[in-house]
Amino acid sequence: MGVAGEDEQKMVGPSPSKKMRRADPGLRGANGKACALEFNILARQGRARASVLRLPHYDCRTPMFMPVGTNGSVKGLTPQQLRELDCHLVLGNTYHLENRPGADIVQEFGGLHEFSKWDRAMLTDSGGFQMVSLLHLADITEEGVSFQSPTNGQSMMLTPEHSMRIQNKLGADIMMALDDVVSSVNPSRERFEEATYRTTRWFDRCLSAHERPGDQNLFPIVQGGLDRELRAISLRQLMERDDRIPGYAIGGLAGGEDKESFWNVVDWCTAALPEDKPRYVMGIGYPVDIVVCSALGADMYDCVYPTRTARFGTALVPSGTIRLPQAVMEGDDRPIDETCGCPVCKKYTRSMLHRLVGTDSHGAILVSIHNVYYMQRLMREIREAIVQQKFPEYVRRFMAQQYPEGAPGWVVNALKAAEIDL
Amino acid sequence: MAVPAEKAVISSRRRPQFSLCKEDSKSGARTGCITTWRGATAETPFGLVVTRKGLPSYLTLDNLGKVNGVQGMHVCASHFFGRDALYPREGGSLSEIIGQEDASPLLVLCGLRDPACYNLNLYPAAGREKISVDTEVGVKAVSQQDYIDFVRQAQPDLCLSLSDDVVGSHSKRRRERAQQRTAAWLRDSVKCFGESDGALGSVGLIASVLATEDGEENLRQARSAEALASDPSVVGYAVMGLGLGESEECRKGALQSICGELPREKLRYTSGPNTPLELIEAIECGVDVLDATFVNELTACGMAMAFPADAEGPAVSGTGRGLNLNLWSEEFTHDQGVLVPGCGCYTCQNGFSRGYIHHLLQCRELLAEVLLEFHNTHHMCRFMGTIRAKIDEGVFSEYAKSFRKLYIHQ
């Protein structure tokens, strides 16, 4: 596979080192304090920004999409393929990795990078998101979250300290603070209020427990549900600790809330967060959401969507998605997307993929390659448009393809807030 | 059936050629070379990568290209059934459909029997002229004409004539009829290829001979197949009907007696050998091309080949590891070593550890199979390379003997 990405790197900054590199103690954060990250904004247009996020293992370009490698691998793709697809950072799930094989074992192997032979940047979540997704197995108290292990039924307690200990062992470039996640469609305001304050208290505990601040970055997560007041409280509390924070995450979204609330929360947070730190919107992976969030000034996204949907035969295309298992795909000799330069679109027809998806692992791998490529191409285009000061035009063209009959109200409103008129 | 390209172009293509290089003095083993007009060459003996729908189980073609020594693929026609009929019906050839690049083509051999999962005659009521085939879209009755039409469209380099493989438990009468049907299909194939409109002009026909337990019958069939050898479309022979639960002696006897009757200068293929030992045995009998089904089988059950593939003794340091590593085993949880130290495959060269692959298997992550298929395919190719070198050096019998000793001992 030969895929683009090199040109852009020449354009925007120093070429990343090829070998795995140890944490660079010389990295300086915006405030001049030693930390494991450097964030340089290369270009701005409106609220959107294109930046270099220099991490111990890689100089990532943002806005950036981070494929999810739950168990230390991205669905059948080799590290070499991921590099060729222009992935800069892969996410690992703390909860899953602690269950199997266990952080101690990963540490024995020299950390997650060495274990999975991924030499670019990594991020691990706190394990807290599984509070929402596996709530029936969890019980949340001030001390932490007690889980019932789905693999062996054993009860395990995840406290902020424990989460830090695990993530320090995994050794990713970015770690997430344990937050008190409440499903965004939970009706109880008291629960959200409790979670907002608790998230800050837990962040303080994470900060004190974090043992490798020189080579791992700890991001706190802004909580507060869909409530403007609670979000403001969360933002204020966390930003009081700004000198110890290399970057911020916006959490509690992508949990089934309505789109209007979703963009509003992103809007409030990105408007309030410091300009010189990266902003990560958690769990976002639909191309439209990514374009909207980038317009609002967010920098990082992660989602299982592109790879999960690929395994079910859904391919991402500029106009939305196509379902490869559908009968109409049989005999269709076009590639998934005629404008796509990915290795799969160069080789395979929809008809061939139609016969592979759902029955053959090979099909799942091929569609995953296409979807990851699609996401990385989208991110490249966003970054280039910002650098070339053509971002509003790009957004208009993108939305016109996605919504030929006109974009939905929430997109129009969100982009208006981002100073882009459709 | 549309002719896929202009006749003039096709007639300039020629059938694959087999040339014999060296014959072992103490056994039937031999080395040779297959060349095609497309530029694919393969040194024999070698193992075919067994595919599903024309593709390796887990390796994308860019990954397969990273495996040194892969020379050809077995493509099973039964994987290409649509709801109504076999495809490709129009449009591209098989190579185009599976995305094989012309620059470095692998040899494509096509047959109806699936080497990885027996699929013929499981439902007998297909009628006299047809053979019942188990496919993804149900049981299909396939005629000689259906199959030839597929071949014409698919344009493989080599194609097996239809063989009526039946498991040994069938009645004597049924087995006799299988012989007759296989022979009749062969005669018909030779006729089709002979009076070809050009579309079959670059496909090499491999004449199927059905092996049985009856030595006399084997000889008879081999002789009658051999009588067709003068036809230029026949580039080789296939010993079919094996790998269906027959005894070791029976298989060896059949291979020996049939290969003994076949002309030396033609290619020989067999389906069935399923371990490195059986592979060596078939090569001793004079087989040139085999299905490497054991690569798929081991990969699918989380095993990595670790038997000695090089000339110099055991490949795995430390004894007691056995011939294959079962990566599911808990013993690998903490193992930071690569599958086989010194192995040149993508997996071992990039340092993926046994512990990591064990972890991936436990999590049902597809990358486990990808990494294992890299290793196993590479290991099989390396093993075949060693066999070729030993034949060329004239010491194959000694190698086979010591390999057998070591293999059985372990």
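The structure presented is a predicted model; accordingly, all values stated were derived computationally and were not measured. (Residues numbered from 1 in each chain as written. Chains lettered and ligands numbered in written order. Predicted model: local features only at pLDDT ≥ 70, side-chain atom pairs only at ≥ 80, totals over all residues. Heavy atoms only, no water.)

## Comments concerning the UniProt feature "binding site: Zn(2+)" (unreviewed entry) in chain B
Residues and elements named next belong to chain B. Those places that UniProt annotates as "binding site: Zn(2+)" (unreviewed entry) correspond, in this numbering, to Cys343, Cys345, Cys348 and His375. The annotated residues occupy 33 residues of the chain but converge on a single region, no pair of C-alpha atoms lying more than 8.3 Å apart. Relative to the assigned elements, Cys343 resides in the loop between strand E15 (324–326) and helix H10 (346–349). Using a relative accessible area of 1% as the deciding quantity, one classes Cys343 as buried. Setting aside chain neighbours within four positions, we find Cys343 in contact with Cys348, Gln349, His375, His378 and Arg382. Along the polypeptide, His375 turns up in helix H12 (residues 366–393). By relative accessible area, which is 0% here, His375 ends up buried. The contact partners of His375, leaving out residues within four places of it in the chain, are Ala304, Met305, Leu339, Val340, Cys343, Cys345, Thr347 and Cys348. (UniProt positions renumbered as here; feature names shortened; annotations may be inferred. Helix = DSSP H or I, 4+ residues; strand = E, 2+ residues; numbered from the N terminus. Buried < 20%, exposed > 50% of the residue type's maximum accessible area, 1.4 Å probe, protein only. Contact = heavy atoms within 4.5 Å.)

## Observations regarding the domain arrangement of chain B
Residues and elements named next belong to chain B. Domain annotation for chain B reports domain 1 (16–299) and domain 2 (306–409). Each partner contributes residues to the interface: domain 1 has 39 residues there, and domain 2 has 30 residues. With both sides pooled, the region where domain 1 packs onto domain 2 buries about 3,100 Å², and carbon together with sulfur makes up 69% of that total. Where domain 1 meets domain 2, there are nine residue pairs in polar contact (both at pLDDT 80 or more). Residue assignment for the side of domain 1 that touches domain 2 shows that the elements contributing at least two residues are strand E2 (30–35), strand E3 (41–44), strand E4 (46–50), helix H2 (61–64), helix H8 (276–284) and helix H9 (293–300). Take the side of domain 1 that touches domain 2: its biggest share by element is seven residues, from H8. Looking at side-chain class alone, the side of domain 1 that touches domain 2 contains 20 nonpolar, eleven polar and eight charged residues. (Domains from an automatic or database assignment. Buried area = accessible area lost by both parts, 1.4 Å probe. Polar contact = N/O pair within 3.5 Å; in protein donor to acceptor, adjacent residues only side chain to side chain. Nonpolar A, V, L, I, M, F, W, Y, C, P; charged D, E, K, R; others polar.)

## Details of the UniProt feature "active site" (unreviewed entry) in chain A
Residues and elements named next belong to chain A. Sequence positions flagged by UniProt for "active site" (unreviewed entry) are, in local numbering, Asp125 and Asp302. A maximum C-alpha distance of 10.5 Å is found for the annotated residues, which run over 178 residues; spatially they form one tight group. Within this annotated set, the largest pocket is lined by Asp125 and Asp302. Among the structural elements, Asp125 can be located in the loop between strand E6 (121–124) and helix H6 (130–133). (1 Å grid on protein atoms, 1.4 Å probe; cavity = no way out; pocket = protein on both sides within 12 Å on 5 of 7 lines; lining within 4 Å.)

## A few points about the UniProt feature "binding site: Zn(2+)" (unreviewed entry) in chain A
Residues and elements named next belong to chain A. The UniProt record marks Cys340, Cys342, Cys345 and His370 with the feature "binding site: Zn(2+)" (unreviewed entry), using the residue numbering of this structure. Taken along the chain, the residues just named run across 31 residues; in space they keep tight, none of their C-alpha pairs more than 8.6 Å apart. Its location among the elements puts Cys340 in the loop between strand E17 (320–323) and helix H13 (343–347). In this structure Cys340 comes out as buried when scored by relative accessible area, which is 9%. Structurally, Cys345 can be placed in helix H13.

## Comments concerning the packing of helix H11 (residues 287–295) of chain A against helix H17 (residues 409–417) of chain A
Residue and element names in this part refer to chain A. Between H11 and H17, the least distance of the axes is 9 Å, while the angle of their chain directions is 20°. As far as their axial angle goes, H17 and H11 are roughly parallel. Every pair of crossing elements has a handedness; the one defined by H11 and H17 is left-handed. The residues of H17 that touch H11, namely those facing Val288, Asp289, Val292 and Ala295, are Trp410, Val411, Ala414 and Leu415. Here the residues of the contact of H11 with H17 are counted per class, giving seven nonpolar, no polar and one charged. (Axes fitted to C-alpha atoms, helices over the stretch in contact; angles between N-to-C directions. Parallel < 35°, antiparallel > 145°, perpendicular 65-115°, else oblique. Left-handed = near helix turned anticlockwise from the far one by under 90°.)

## Brief notes about the sheet that holds strand E14 (residues 279–281) of chain A
All names here are of chain A. Pairing in this open sheet of five strands is parallel, and the strands run E4-E15-E14-E13-E12 from one edge to the other. The open sheet has two edge strands with one neighbour each: strand E4 (64–67) and strand E12 (221–222). As defined by bridge partners, E4 adjoins strand E15 (residues 300–303) across four bridges and the pair is classed as parallel. The residue of E15 that forms the bridge with Met66 is Asp302. Packed onto the sheet, helix H10 (residues 259–272) meets E12, strand E13 (248–250) and E14 and runs at close to 160° relative to E13. Contacts from helix H15 (residues 361–387) reach E4 and E15 within the one sheet, and its direction differs from that of E4 by about 165°. (Pairing = 2+ DSSP bridges.)

## Points about the pairing of E6(A)
All names here are of chain A. The side-chain alternation of E6 yields two buried faces, one formed by Ala121 and Leu123 and the other by Met122 and Thr124. Looking at chain direction, E6 and strand E10 (residues 174–176) are connected through two bridges and run parallel. In the sheet register, Thr124 faces E10, and the bridge partner there is Met175.

## A short note on the pattern of salt bridges
Residues and elements named next belong to chain A. Taken as a whole, this structure holds 54 salt bridges over all chains when the rule is applied. In this structure, Asp332 engages Arg350 in a salt bridge whose closest nitrogen and oxygen atoms are separated by 3.3 Å. Here Asp332 is found in the loop between E17 and H13, whereas its partner Arg350 is found in helix H14 (residues 350–356), with 18 residues between them in sequence. Of the two residues, Asp332 and Arg350, neither departs from the other in class, the shared state being buried. (Salt bridge = Lys/Arg side-chain N within 4 Å of Asp/Glu carboxyl O.)

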